[in-house]
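Report on the structure
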Amino acid sequence: MPLPKPDITQAKIEVLSPAKVPLAEGPHWDDTKQKLIWLSIQKDPKICIYDPATGENKDYELKSELERLGAHGNRLTVGCVVPIRDDPNRLLMGTGNHLATLDLTSGKVEFVLEVQDGYEETRFNDGKCDPRGRFWAGTMDTEVDGNIQDPEAGTLYMIEKGFTQPKPMASKSAISNGLAWSADHKTMYYNDTIPGTVDAFDYDIETGAIANRRTAVTWNAKERGLPDGMAIDSVGRLWIASYGGRGVYCCDPTAPDEPPVVLYMPEAHTITSCCFGGKNLDELYVTSASKDDLKSENSGKLFRVTDFGATGTLGVAYCA
């Protein structure tokens, strides 16, 4: 039996950020602080923390700190970020080919791990923690005029607790994106944006091992755009941000060919990621990009969706 479809007829969509950024990404709801962490990836990379109680958005500029550490070119970026369990003053992020920490008091960045994959320009893109607090993050090659230099240069890595050396788990990816885990901890979902695939793996929560890669959702990129970041709700539906598809697509992995329910964002075409948040996890925070959508009024802004017929699952902090 397919999963029930959410009722989005009463959905309300707010634009939360007045200013555009070239590429907003990586939203993560910090349940302990009741705040949203999100990213501006390129040009002037920064980590942003939005407080819905006050409406304040605090920016942590990263460029000077990353340059101090020697980052440059395609690696002068931030691709993903998560809180660190029992360390409320630091965040863990993927930046260039490093994992690094950000001190929220001083703004200081420190590299903790480096990935040596044989490529000069690969960088971390999307990343999240699995239910045990392991950090999963994928890489991608540099973009030139909107095209990935080597569409098989990306690798999905797993980092165990204690900042252990990244372990490659899946290879030959173009743009690693959209991680999510099922409530029974038996399935991991993963998107590769350029080929337009939404896949599932068998997942072992005890070891982190993945196997049996297969199609989770049949995705038509010509009709829907490219699958980007993703969240999973409390009944197991996947909410997939579509780059070029103008919205977030709610898909049923138990019925891969079922048509999706779509939340279209107003005046924004390139939607990059989403996460559930709020006290009851009944809000959907959505990021977007302006670099390939300069004319749309709300491209590159942050959105919040309420009353859309779904509740989510908690994001997990890294277990250091």
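Residues numbered from 1 in each chain as written. Predicted model: local features only at pLDDT ≥ 70, side-chain atom pairs only at ≥ 80, totals over all residues. Heavy atoms only, no water.

Read from one edge of the open sheet, four strands run β20-β21-β22-β23, paired in antiparallel fashion. In the strand order of this sheet, the two ends are held by β20 (226–232) and β23 (261–264), each with one partner. Put simply, the sheet's adjacent strands are angled 25° from each other on average, direction ignored. Note: strand β21 (residues 238–243) against strand β22 (residues 247–251), four bridges, orientation antiparallel. Bridge assignment links Trp239 to a residue of β22, and that residue is Cys250. (Pairing = 2+ DSSP bridges. Helix = DSSP H or I, 4+ residues; strand = E, 2+ residues; numbered from the N terminus. Axes fitted to C-alpha atoms, helices over the stretch in contact; angles between N-to-C directions.)

Counting across every chain of the model gives 14 salt bridges. Here Arg134 ties to Glu160 by a salt bridge, and the two come within 3.2 Å at their closest N and O atoms. Of the two residues, Arg134 sits in the loop between β10 (123–129) and β11 (135–140) while Glu160 sits in the loop between β14 (154–159) and β15 (167–173), which places them 26 residues apart along the sequence. For Arg134, a relative accessible area of 5% translates into the label buried. A single network of salt bridges, built from pairs that share partners, joins Asp130, Arg134 and Glu160. (Salt bridge = Lys/Arg side-chain N within 4 Å of Asp/Glu carboxyl O. Buried < 20%, exposed > 50% of the residue type's maximum accessible area, 1.4 Å probe, protein only.)

In space, the four strands of this open sheet follow the order β2-β3-β4-β5, with antiparallel pairing throughout. Each edge of the open sheet is held by one strand with a lone partner, namely β2 (24–30) and β5 (56–61). Neighbouring strand axes in the sheet, compared pairwise and without regard to direction, differ in orientation by 20° on average. Relative to β5, strand β4 (residues 46–51) runs antiparallel, the two sharing six bridges. Each bridged residue has a counterpart across the sheet, and for Tyr50 the counterpart in β5 is Asn57.

Next up on the list: the pairing of strand β16 (residues 176–181). Taken across its six residues, β16 has six buried, putting it largely inside the fold. Here β16 runs beside strand β17 (residues 187–192); their pairing, made up of four bridges, is antiparallel. Bridge assignment links Asn177 to a residue of β17, and that residue is Asn191. If you look at the hairpin formed by β16 and β17, you'll find five residues sitting between the two strands, and His185 has a positive phi there, around 60°.

Core analysis: the largest hydrophobic core is formed by 18 residues, its most contacted members being Trp239, Met265, Leu284, Val286 and Phe308. Elements represented by at least two residues in this core include exactly β21, β22, β23, β24 (271–277), β25 (283–288) and β26 (303–306). The element best represented in this core is β24, accounting for three residues. The next biggest cluster of nonpolar side chains, apart from the first, holds 17 residues, and it includes Val81, Leu91, Ala100 and Leu104. (Core = buried A, V, L, I, M, F, W, Y, C linked by side-chain atoms within 4.5 Å.)

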